[in-house]
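Survey of secondary and tertiary structure
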Amino acid sequence: MFSFSLRQRQVSGISEESKVYGSSKNRMGYRLRLFLVAPLIVLLSVSCTPGNVLEDAKGWSATVEKDGVVYVGSQEGKFFALDAENGRELWRFPDDDEATIGGAHALPAVSDERVFLGSYDGNVYAFDRESQSGAIQPAWVASTRGPVVGGLTLVGNRVLVGSEDGKVYALDASTGETVWTFPVRGNIGKVWSTPVVDEEEGRVYFGSMDHAVYSIYLSDGQLDWRYETGGAVPGTPLLVDGNVIVGSFDRFMYALDPGNQGLPKWRFRAENWFWAS
């Protein structure tokens, strides 16, 4: 157990039983967790505009660990690498006390060589993991045209990320160059959802604030199908027994059939909005 101080805020060490840590005790990889987020409901009741919800929240990044190093973004708009054994800071970005990346809201993605972070400044940052101490600079920075709220998904040599600009991007993990975007022209609703990939079927699933769940092709980002719910879909879908499980602010939890144009196999109604994670 260790404690790491960030201007009176703390990131505390958690049991070694879990490799992924976050602000919620229920975040356990891809294990199914369906829950209601009361604080967010209150905020969204005041305003249904995602930008207004996050206006005063600079970041609530989840934490990921790999090979004894913990990676986490802070409310102050910094990204830290910490020694998992004792909490010692290995490096931070930006190193300048006055500089900021605008806040990180979701889980970073980690490969053997690099760690990737999406930020509220609209950028995706890639850092070489071999950097162990001192001031570091990103290996590359890729820009979207809106804040990045959802997590990053690493599949092969691609980093998938949704943006509040209403697009999903596939970035080359080596260079940061854009491989494809969905949609190619225009945009859909703001994407807070973390893309989920079925590599066997070659599909990418995600929700959008335009009330829809999307299936697109991993190879080129073209649309496979779109299913419209009755409310915003900010949460991350789950793949369970061939179904795409996702919650909506219409108070329904859906099991969508990816082999039948995303039509529901079943849906479950709750007393309030769902956020699936």
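Residues numbered from 1 in each chain as written. Predicted model: local features only at pLDDT ≥ 70, side-chain atom pairs only at ≥ 80, totals over all residues. Heavy atoms only, no water.

1. Considering the pairing of strand β20 (residues 223-228)
What counts is decided by this rule: Pairing between strands requires that DSSP locate at least two bridges from one strand to the other. In this text, helices come from DSSP runs of H or I with a minimum length of four residues, and strands from runs of E with a minimum of two, each type numbered from the N-terminal end.
One ladder, built from 5 bridges, connects strand β19 (residues 212-217) with β20; its direction is antiparallel. Each bridged residue has a counterpart across the sheet, and for Y214 the counterpart in β20 is R226. Following β19, the chain reverses through 5 residues before pairing antiparallel with β20; G221 in that reversal takes a positive phi of roughly 80°.

2. Here we look at unusual backbone geometry
For clarity, the threshold we go by: Residue burial is assigned from relative accessible area. The probe radius is 1.4 Å, only protein chains are included, and a residue is buried under 20% of its type maximum, exposed over 50%, and partly exposed in between.
In this structure, the amide linkage connecting F93 to the following residue, P94, adopts the cis form with an omega of -10°. When you line up the elements, P94 lands in the loop between β8 (89-93) and β9 (109-110). Cis geometry is found at the peptide bond from F182 to P183, where omega equals -10°. Relative to the assigned elements, P183 resides in the loop between β16 (178-182) and β17 (196-198). Phi at D241 takes a positive value of approximately 50°, unusual for a residue other than glycine. Mapped onto the elements of the fold, D241 is located in the loop between β21 (238-240) and β22 (243-247). Relative accessible area serves as the criterion here: at 74%, D241 is assigned to the exposed category.

3. Description of the environment of E177
Our working definition: Two residues form a contact once any of their heavy atoms are found within 4.5 Å.
By the element assignment, E177 lies in the loop between β15 (168-172) and β16. Expressed as a C-alpha distance, the spacing of E177 and V141, which sit 36 residues apart in the sequence, is 9.2 Å. Ignoring anything within four residues of it in the chain, the contact list for E177 reads A170, L171 and D172.

4. Here's the deal with the sheet that holds β16
Rules: Only the stretch in contact is used when fitting a helix axis, every axis being a line fitted to C-alpha atoms; angles between N-to-C directions are given from 0 to 180 degrees.
With antiparallel pairing, the 4 strands of this open sheet are ordered in space as β13-β14-β15-β16. Two strands in the sheet have a free side with no partner beyond their single neighbour: β13 (153-155) and β16. Between one strand axis and the next, the sheet turns by 20° as a mean value, whatever way the strands run. Relative to strand β14 (residues 158-162), β13 runs antiparallel, the two sharing 3 bridges. Opposite L154, over in β14, you have V159 as the bridge partner.

5. What to know about the side chain of T194
Along the polypeptide, T194 turns up in the loop between β16 and β17. Here T194 falls in the buried class, since its relative accessible area comes to 18%. Those residues in contact with T194 that sit more than four places away from it in its chain are G150, G151, L152, T153, Y205, T236 and P237.

6. Concerning the confidence of the model for the chain
In regions of low pLDDT, the predicted coordinates are not meant to be interpreted in detail. Operational definition: Confidence scores here are pLDDT values: one per residue, from the predictor, ranging 0 to 100.
On average, residues of the chain score 81 in pLDDT, and 75% of them are at 70 or above. In this model residues 5-54 is a low-confidence stretch, pLDDT under 50, and it forms 80 contacts with partners more than four residues away in sequence or in other chains.

7. Let's talk about the sheet that holds strand β10 (residues 114-118)
In spatial order, the strands read β9-β10-β11-β12; together these 4 strands make up an open sheet with antiparallel pairing. This sheet does not close on itself; its edge strands, each paired only once, are β9 and β12 (140-143). Examined bridge by bridge, β10 and strand β11 (residues 123-128) share 5 bridges and lie antiparallel to one another. Considered in β11, the bridge of G118 is made with V124.

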